[in-house]
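A structural walkthrough
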Amino acid sequence: MLILGIESSCDETAAAVVRDGREILSSVISSQIDIHRNWGGVVPEIASSEHLRQIDPIVKKAVADARISINEIDAIAVTQGPGLVGSLLVGVCYAKSLAYVLSKPLVGVNHIEGHVYSVNFENPAVEFPALALIVSGGHTNIFHIPEEGKYRVVSRTRDDAAGEAFDKVAKMLGLGYPGGPIIEKIAQQGDAKKINFPQAKISDGRPDLSFSGLKTAVARYLRENEIEPMPNAGEPSQEICDIAASFQAAVVKALVGRMERLAGELEPRTLIVAGGVACNLALRERAEELGRKVGIPTYFPSKHLATDNAAMIAAAGHAHFVNGERATLSMTADITLRLQNLENEDDQLRAKRVKYRL
Ligand code: KG4
Ligand code: ZN
């Protein structure tokens, strides 16, 4: 079964053809990073007009690279949300038009679920229950997945996403955008034990995450030690490398620490780590270590499938398609889409309390 995946939720226009949810026939990604870099972050208006320019040639290239005719596809899967509304709309409108013209079924995909399915390639099949850490520029959540397609959020960030924290700290250090890969690179020359950045404490005891305090701690450290950001295109000083390494270690410790606590409680059979930040080698090593300690496999997407791509959207779309789900042409972009179809016990308790108070 061939699924054409289309992704345009943020700053990558992507299309891919995937067979049976696991075999990539083609995956084409046009990144706008070079354009947005000039502004130090994604500019939504520019992103949507770039998607508009790119989407048609990218989809055509994906079909050509797969060496198929577009009529051979069985369905079209498109990212419906969450993301930037103008960006999402380009992909959704294009996919709907294509589905209409070709008389092909259409499936709407949650972008975050796409990241979960990115491990379907190049890894053995996931055994459930699974525990999935999805860490990107926009999202940081840990999902308990008792069976395929069932999601319960068991940890979420209370403020910044982990990738966002990497990007903001990189900006403070004068390192450019996107921050994650640059911080990882210069952290290799730094001492991760040099600065003991604090771990956030969540006062209600839930296994949630928070990165804004860490970001403030880095800003305070820079101010108190009178460290200037790196000048444009200069070599980073040892001090900056040490800050990058210590910051990265603090983020990794927070993420893997939460995974460890939840793995102890939920006894999963597989650990999944996906999303842009899953490119980070320090995170991969610590998560793999955790998997070995618990005695279960840890699956990551390869680097080109960790950041936004359409192969993962096609894989998630395939699962929904074989379940018989179909979107109608009235489907539209939904920036509020959440990946949670199982309630968490704490949420149930809270809902009861609210009802009682009312
Ligand atoms: O999944 P993604 O491509 O887009 C979103 O859905 O957000 O993730 C992009 C994020 C950016 O914040 C980027 O800084 C981060 O992933 N990232 C990394 C690394 N590579 C990308 N963070 C840490 N280390 C990396 N090597
Ligand atoms: Zn993403």
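Let us look at the structure shown here. (Residues numbered from 1 in each chain as written. Chains lettered and ligands numbered in written order. Predicted model: local features only at pLDDT ≥ 70, side-chain atom pairs only at ≥ 80, totals over all residues. Heavy atoms only, no water.)

1. Some words on the site of ligand 1
Note the following rule: When at least one non-hydrogen atom of a residue lies within 4 Å of a molecule or strand, that residue is treated as near it. N or O atoms within 3.5 Å of each other form a polar contact, as long as, within protein, one can give a hydrogen and the other can take it, and as long as residues adjacent in sequence are counted only when both atoms are side-chain atoms. Surface exposure here means Shrake-Rupley accessible area, sampled with a 1.4 Å probe, where a residue is shielded only by the protein chains that are shown. Only DSSP runs of H or I reaching four residues or more are called helices, and only runs of E reaching two or more are called strands; each is numbered from the N terminus. Ten residues, namely Ala, Val, Leu, Ile, Met, Phe, Trp, Tyr, Cys and Pro, are considered nonpolar, four, namely Asp, Glu, Lys and Arg, are considered charged, and the remaining ones, Gly among them, are considered polar.
By nearness alone, 19 residues border ligand 1, and Gly-137, Asp-167, Gly-180, Glu-184 and Asn-280 come closest of all. For ligand 1, an oxygen atom lies 3.4 Å from a polar atom in the side chain of Ser-136. The contact in question runs from an oxygen atom of ligand 1 to an N or O atom on the backbone of Gly-138, over 3.2 Å. Summarising the interface, the protein chains cover 90% of the accessible area of ligand 1, which totals 550 Å² for the free molecule. Taken together, the elements giving at least two residues each to the shell around ligand 1 come down to α4 (111-117), α5 (162-172) and α6 (179-187). At four residues, the largest contribution of residues to the shell around ligand 1 is made by α6. In the shell around ligand 1, the residues fall into five nonpolar, 11 polar and three charged.

2. Some remarks on the sheet that holds strand β5 (residues 106-110)
Inclusion rule: When DSSP locates at least two bridges between a pair of strands, those strands are taken to pair. Think of each axis as a best-fit line through the C-alpha atoms, taken over the contacting stretch in the case of a helix, with angles from 0 to 180 degrees between the N-to-C directions. By the convention used here, residues are in contact when the closest approach between their heavy atoms is within 4.5 Å.
Strand order in the open sheet formed by five strands is β3-β2-β1-β4-β5, and the pairing between neighbours is mixed. Looking along the sheet, the strands with just one partner apiece sit at the ends: β3 (23-31) and β5. Going across the sheet, the axis of each strand differs from the next one's by a mean of 20°, ignoring polarity. Across eight bridges, the pairing between strand β2 (residues 12-19) and β3 is antiparallel. Bridging from a neighbouring strand, Val-17 pairs with Ser-26 of β3. Along the sheet, helix α2 (residues 44-65) contacts β1 (2-7), β2 and β3; its crossing angle with β2, the most-contacted strand, is approximately 20°. The strands touched by helix α3 (residues 85-102) are β1, β4 (75-81) and β5; relative to β4, the strand with the most contacts, the crossing angle is about 155°.

3. Here we look at the sheet that holds strand β6 (residues 130-135)
Ordered in space as β8-β7-β6-β9-β10, the five strands form an open sheet in which the pairing is mixed. What marks the edges here is a single partner per strand, and that holds for β8 (152-156) and β10 (298-299). Both strand β9 (residues 270-274) and β10 contribute to a ladder of two bridges, which runs parallel. Pairing of Ile-272 across the sheet is with Tyr-299, part of β10.

4. What to know about the pattern of salt bridges
Just so we agree on the cut-off: Think of a salt bridge as a Lys or Arg side-chain nitrogen and an Asp or Glu carboxyl oxygen that are within 4 Å of each other. Working definition: with a 1.4 Å probe on protein chains only, accessible area under 20% of the residue-type maximum means buried, over 50% means exposed, and in between means partly exposed.
What the rule picks out here adds up to 14 salt bridges. Across the salt bridge formed by Asp-208 and Arg-158, the nearest N and O atoms sit 2.7 Å from each other. Separated by 50 residues along the polypeptide, Asp-208 in the loop between α6 and α7 (212-224) and Arg-158 in the loop between β8 and α5 bring together distant segments of the chain. Residue Arg-261 pairs with Glu-265 through a salt bridge whose shortest N-O separation is 3.5 Å. Of this pair, Arg-261 and Glu-265 both sit in helix α8 (residues 238-266), four residues apart, roughly one helical turn. The class for Arg-261 is partly exposed, based on a relative accessible area of 36%. Members of the salt-bridge network, linked through shared partners, are Asp-160, Glu-164, Lys-168 and Lys-215.

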